[in-house]
Structures are given as C-alpha cells and as structure tokens.
Amino acid sequence: MLSTAKGKGQILLALFFTSTFIPSLLTFSPMPATHKNLVLIGPMGSGKSSIGQALAASLQFSFTDTDSLITTSLQSPITQIFAEHGEPFFRKTESATLASLSPISHSVISTGGGIILLPENRPLLQNLGFVIFLTASDDTLFSRVSRNQNRPLLQTENPRATMAAITAARLPLYSATAHFTLDTTSLSRTRTLSILLDEAQRALALTPPNP
Ligand code: S3P
C-alpha cells in the first residue's frame, strides 16, 4: 500500500518535472537558423542560371554561378577544361569552388548539373543555403540543351539518350540533397518564379513584399 502510494508519488513528481521543465526547455531552445542563400541544383537545361538570375534580381541578392567561377579562374571554357584535364580534374575544381563559397550570404547560387556527384559536396550545398532542385521532363531538358554545344558530357552519338541516362542516374542524389523540388515542365516562367519566390521568402525568413 505504502509502496503503491510512494510509486504514485514518484509518478506525480516525474509528471510535475516533465510538465514544468520540458516546455520551458522547448521555449528557451534556440530558434533554428534560417538559410542565408538559395542554391539551385538540377540537370543541364533545368533553368538554374536563367531562373537563378531572375530570382536574384527579385530578392535583391547577388548571383553566383559555379561554372562561371571555374571558367574565370582557369581562364578556359568548360569544354576545354574537360578536353585538356578530364572530368575528375573538373570535379575537384568544382568541389573546391563550392567549398570556397561558404562565407557568402544573400546570394542565389547556380551550380553545374554534376555538383551532387562527389559525396562531400552534398553537405556543403545544404550548409550553404536553401537547396532547390529544378527539374523538367527529358524532352524539355533536351530541347533546351540542344541549343548549344557547350556540354562536354553530351558530345556523344546519341546526346538525347545520354542526357536521359545521366539525369535518371543522378535523380536520387538531387532528391537527397534538395530542401525543395520543382518540376517546371508545365509551368510558365512567371509561375515558376512566383512559386520559388514564395518558398525563398519562407526559407530565408524574409518579409514578403507589400501587395
Ligand atoms: C555538367 C553540367 C554543366 C557543367 C559541365 C558538367 C554535368 O553545367 O558543369 O558541363 O555534369 O551535368 P550546367 O548544368 O549548367 O549545364
């Protein structure tokens, strides 16, 4: 009897401590840090650069493009870097370029389609900002990339099939890295921008512009 009462007392005491201290711990725990940049990942032709520049202009953020940083620092176009030094060298340079961006904030960062390949890049991307995976159907992607010849990985006999195979193989890596995914196949550019701006405002904890 006594031991039951004692047992109940212990339970009540435990409940008292739980109800008193756990909510106060929750109340005083630090707010999660908000993201400081937007990071765009996705296959070639998914619109990372063009949508990224428009997002940067709307948010009054700077625009950063990892491919442009690489071509500027090596003073060589991407196709030439692949031809002269090979893909592994390009990937190492791409990873070092990504790591060098960690101090920046208030930027929309567009990345090369293969940036998710090296495992060390994926936490770097997630720590850099709110990661948006832009994607589209194979037909849409291919119609965009076939306009120019500056994609070394597509210099094959059947670039359409190569492109589809590369995109499919990378899909799980993009999905695992992204905080948000948008398939733009049936979206106008205006609608794409409006969805992304809404998400960005939430992720970056920005005040929405006055109507
Ligand atoms: C690549 C994509 C390219 C560029 C390089 C390799 C890839 O960037 O980094 O040609 O592996 O998918 P875009 O995605 O901007 O075309």
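Colleague: Any chance you could break down the side chain of T66 for me, citing the residues and the numbers?
Modeller: Looking at where T66 falls in the secondary structure, it is placed in helix α3 (residues 66-74). Of the residues examined, T66 reaches a relative accessible area of 0% and is grouped as buried. Each residue touching T66, except ones within four places of it in the same chain, is listed here: T97, L101, I109, S110, T111, G112 and I115.

Colleague: Describe the packing of aromatic side chains, listing the residues and the values that go with them.
Modeller: What the rule picks out here adds up to two aromatic pairs. Pairing F82 with F90 gives two aromatic rings, centres 4.8 Å apart and planes at 40°, and the pair type is tilted. An identical accessibility class is assigned to F82 and F90; each is buried. On the numbers, 4.9 Å between centres and 25° between planes, the contact of F133 with Y174 is stacked. In this pair, F133 is assigned in strand β4 (residues 130-135) and Y174 in helix α8 (residues 159-177), connecting sequence segments 41 residues apart. Of the two residues, F133 and Y174, neither departs from the other in class, the shared state being buried.

Colleague: Go over the confidence of the model for the protein with me, naming the residues and quoting the values.
Modeller: Low pLDDT marks regions whose predicted coordinates should not be analysed in detail. Model confidence for the protein is summarised by a mean pLDDT of 87, while 82% of its residues fall at 70 or above. Overall, residues 1-6 carries pLDDT values under 50, and its contacts beyond four positions in sequence, including any with other chains, amount to zero contacts. Predicted confidence is poor over residues 11-32, with pLDDT under 50, and the contacts of this stretch with residues over four places away or in other chains come to two contacts.

Colleague: I'd love a proper account of the pairing of strand β3 (residues 107-110), names of residues and values included.
Modeller: Burial of β3 is two-sided: the residues S107 and I109 facing one way and the residues V108 and S110 facing the other way are all buried. Judged from the three bridges that link them, strand β1 (residues 38-41) and β3 form a sheet pairing that is parallel. Looking at β3, one finds that L40 is bridged to S110. Relative to β3, strand β2 (residues 62-65) runs parallel, the two sharing four bridges. By the bridge assignment for β3, F63 is matched with V108.

Colleague: Got a sec to walk through the pairing of strand β5 (residues 180-183)? Specific residues and values, please.
Modeller: Of the two faces of β5, the one lined by F180 and L182 is fully buried and the one lined by T181 and D183 carries no buried residue. Two elements, β4 and β5, share four bridges in a ladder whose sense is parallel. By the bridge assignment, T135 is partnered in β5 with D183.

Colleague: Describe the site of the ligand, naming the residues involved and giving the relevant values.
Modeller: As a matter of local geometry, the ligand sits amid 13 residues, with K48, D67, R91, R151 and R170 nearest to it. At a separation of 3.4 Å, an oxygen atom of the ligand approaches a polar backbone atom of G114. The protein chains hide 94% of the 380 Å² of surface that the ligand would expose on its own. Across the shell around the ligand, the residue classes break down as five nonpolar, three polar and five charged.

Calculation rules
Residues numbered from 1 in each chain as written. Predicted model: local features only at pLDDT ≥ 70, side-chain atom pairs only at ≥ 80, totals over all residues. Heavy atoms only, no water. Helix = DSSP H or I, 4+ residues; strand = E, 2+ residues; numbered from the N terminus. Buried < 20%, exposed > 50% of the residue type's maximum accessible area, 1.4 Å probe, protein only. Contact = heavy atoms within 4.5 Å. Phe/Tyr/Trp six-rings, centres within 6.5 Å; stacked < 30°, edge-to-face > 60°. pLDDT = per-residue confidence, 0-100. Pairing = 2+ DSSP bridges. Near = heavy atom within 4 Å. Polar contact = N/O pair within 3.5 Å; in protein donor to acceptor, adjacent residues only side chain to side chain. Areas by Shrake-Rupley, 256 points an atom, 1.4 Å probe, with all protein chains shown as cover. Nonpolar A, V, L, I, M, F, W, Y, C, P; charged D, E, K, R; others polar.

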